[in-house]
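# Topology and contacts: notes
The residues making up each chain are set out below.
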Amino acid sequence: MTVAITREISPRFAECELTHIERTPIDLERARIQHRGYVNALRELRCDVIELPAEPDLPDSVFVEDTAIILPEVAVITRPGADSRKPETTSIAQALAPLVKIIHMREPATVDGGDVLVLGNRIYVGLSTRSNQEAIDQLNEMLGKYGYSVLGIELHDCLHLKSAVTRLDDQTLLINENWIDANCFKNFDLIHIDPSEPYAANCLPIGESILFPPAFSKTCEKLEKRGYNVVTVDVSELAKAEGAVTCCSLIIP
Ligand code: GLY
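Residues numbered from 1 in each chain as written. Predicted model: local features only at pLDDT ≥ 70, side-chain atom pairs only at ≥ 80, totals over all residues. Heavy atoms only, no water.

## Brief notes about the nonpolar core
A general tendency of soluble globular proteins is for nonpolar side chains to be buried together. By size, the foremost hydrophobic cluster in this structure holds 25 residues, and its most contacted members are F13, Y38, L42, F63, L204, L211 and L238. Elements with a contribution of two residues or more to this core: helix 1 (28–44) and strand 12 (204–206). Ranked by the residues each element gives to this core, the list is headed by helix 1, at five residues. The contact partners of L211, leaving out residues within four places of it in the chain, are Y38, A41, L42, L45, C203, L204, V231, V233 and V245. V116, A135, I136 and L139 belong to the second largest nonpolar core, which has 18 residues in total. (Core = buried A, V, L, I, M, F, W, Y, C linked by side-chain atoms within 4.5 Å. Buried < 20%, exposed > 50% of the residue type's maximum accessible area, 1.4 Å probe, protein only. Helix = DSSP H or I, 4+ residues; strand = E, 2+ residues; numbered from the N terminus. Contact = heavy atoms within 4.5 Å.)

And the structure:
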């Protein structure tokens, strides 16, 4: 069974980090309702969800994806790029320890899990404001023995690599080529987001289904036409904190 780790929203969620969008008022109760909908959708897709309690003083801590890189062989506990987010990893390491072998990134490396796209034995790391070359070097050193090679990839105008490109299945990626060079993924079948929906490149495959926000209806239609079973989850209030569907869980297949 797939295990999903999630975390309840912090009461200080509205104090989140913001990099590429303007701060707008966040309705905490609405965000919590949407997050419950997300957790329920994971359960309906037969995930065993481990819900961690809120971290009252860590505004972005609902975005657990950024705290670890989960591979079949090992989980790497990250050093998030924003200082306010570095303490988020402690409780995640505690939650993961009984489930998987864990190793830790070391200073001066910084990487957010949202910048890490695993495609077979190749791991792409977005060279964003959060993730640096030292992280790529350390990941190559740590993961080479498991057969992985780790490559840095440039992106622009978005927070994380997975804001610009995510995996739909082993052959297919969903991409916003305005934020990343599509030529980096020549060996994949690329589905391009609808240009009117720049934030639509973030999707979360679970089993045979794709979790996806209903706000991006044109891209959603493209996915359905290509035969994907799309399960919609409204994360519009979480998007005001620069969050998306991959950000809110750590998936252990
Ligand atoms: N607010 C999400 C982040 O900046 O990490």
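## Notes on the site of the ligand
Near the ligand you find E17, D60, F63, R85, R130, L159 and A241, and these make up its full shell. Separating an oxygen atom of the ligand from a side-chain N or O atom of R130 is a distance of 2.7 Å. Protein chains shield 99% of the accessible area of the ligand, which is 200 Å² for the free molecule. Looking at the shell around the ligand residue by residue, the class counts come to three nonpolar, no polar and four charged. (Near = heavy atom within 4 Å. Polar contact = N/O pair within 3.5 Å; in protein donor to acceptor, adjacent residues only side chain to side chain. Areas by Shrake-Rupley, 256 points an atom, 1.4 Å probe, with all protein chains shown as cover. Nonpolar A, V, L, I, M, F, W, Y, C, P; charged D, E, K, R; others polar.)

## Observations regarding helix 3 (residues 133–143)
For the α-helix, the turn length of 3.6 residues means that residues three or four positions removed from each other point alike. Restricting attention to buried positions, one finds in helix 3 the residues A135, I136, Q138, L139, M142 and L143. Looking straight down helix 3, one finds that the buried residues subtend no more than 165° of arc, so they occupy a single side. Structurally, helix 3 contributes buried residues whose contacts are with strand 3 (68–70), strand 4 (75–77), strand 5 (102–104), strand 7 (122–127) and strand 8 (149–154). (Arc of directions from axis to C-beta.)

## Things to note about the pattern of salt bridges
Where side chains of opposite charge bring their charged atoms close, a pairing between them can arise. One pass over the structure, following the stated rule, counts 17 salt bridges. Across the salt bridge formed by E237 and R30, the nearest N and O atoms sit 2.3 Å from each other. Within this pair, whereas E237 is found in helix 6 (residues 236–239), its partner R30 is found in helix 1, the two being separated by 207 residues in sequence. A relative accessible area of 1% places E237 in the buried class. Here E237 ties to K240 by a salt bridge, and the two come within 2.8 Å at their closest N and O atoms. (Salt bridge = Lys/Arg side-chain N within 4 Å of Asp/Glu carboxyl O.)

## Here we look at the sheet that holds strand 6 (residues 116–119)
As summarised here, the arrangement of the three strands in space is 6-7-8, forming an open sheet in which the pairing is mixed. One side of each edge strand has no neighbouring strand; the edge strands of this open sheet are strand 6 and strand 8. Each strand of the sheet is rotated relative to its neighbour by a mean of 25°, with strand direction disregarded. With four bridges connecting them, strand 6 and strand 7 associate as antiparallel partners. If you follow L119 over to strand 7, its bridge partner there is R122. (Pairing = 2+ DSSP bridges. Axes fitted to C-alpha atoms, helices over the stretch in contact; angles between N-to-C directions.)

## Topic: helix 5 (residues 217–225)
Turning to helix 5, its buried residues number three or more, namely T219, C220 and L223. Buried residues in helix 5, looked at end-on, bunch into an arc of 105°, giving them a common side. On its buried face, helix 5 sits against strand 10 (172–175), strand 11 (189–192), strand 13 (209–212) and strand 14 (229–232). Where helix 5 ends, the next residue or the one after it, G227, has phi of about 95°, a positive value.

By themselves, these are just geometric observations and shouldn't be taken as functional.
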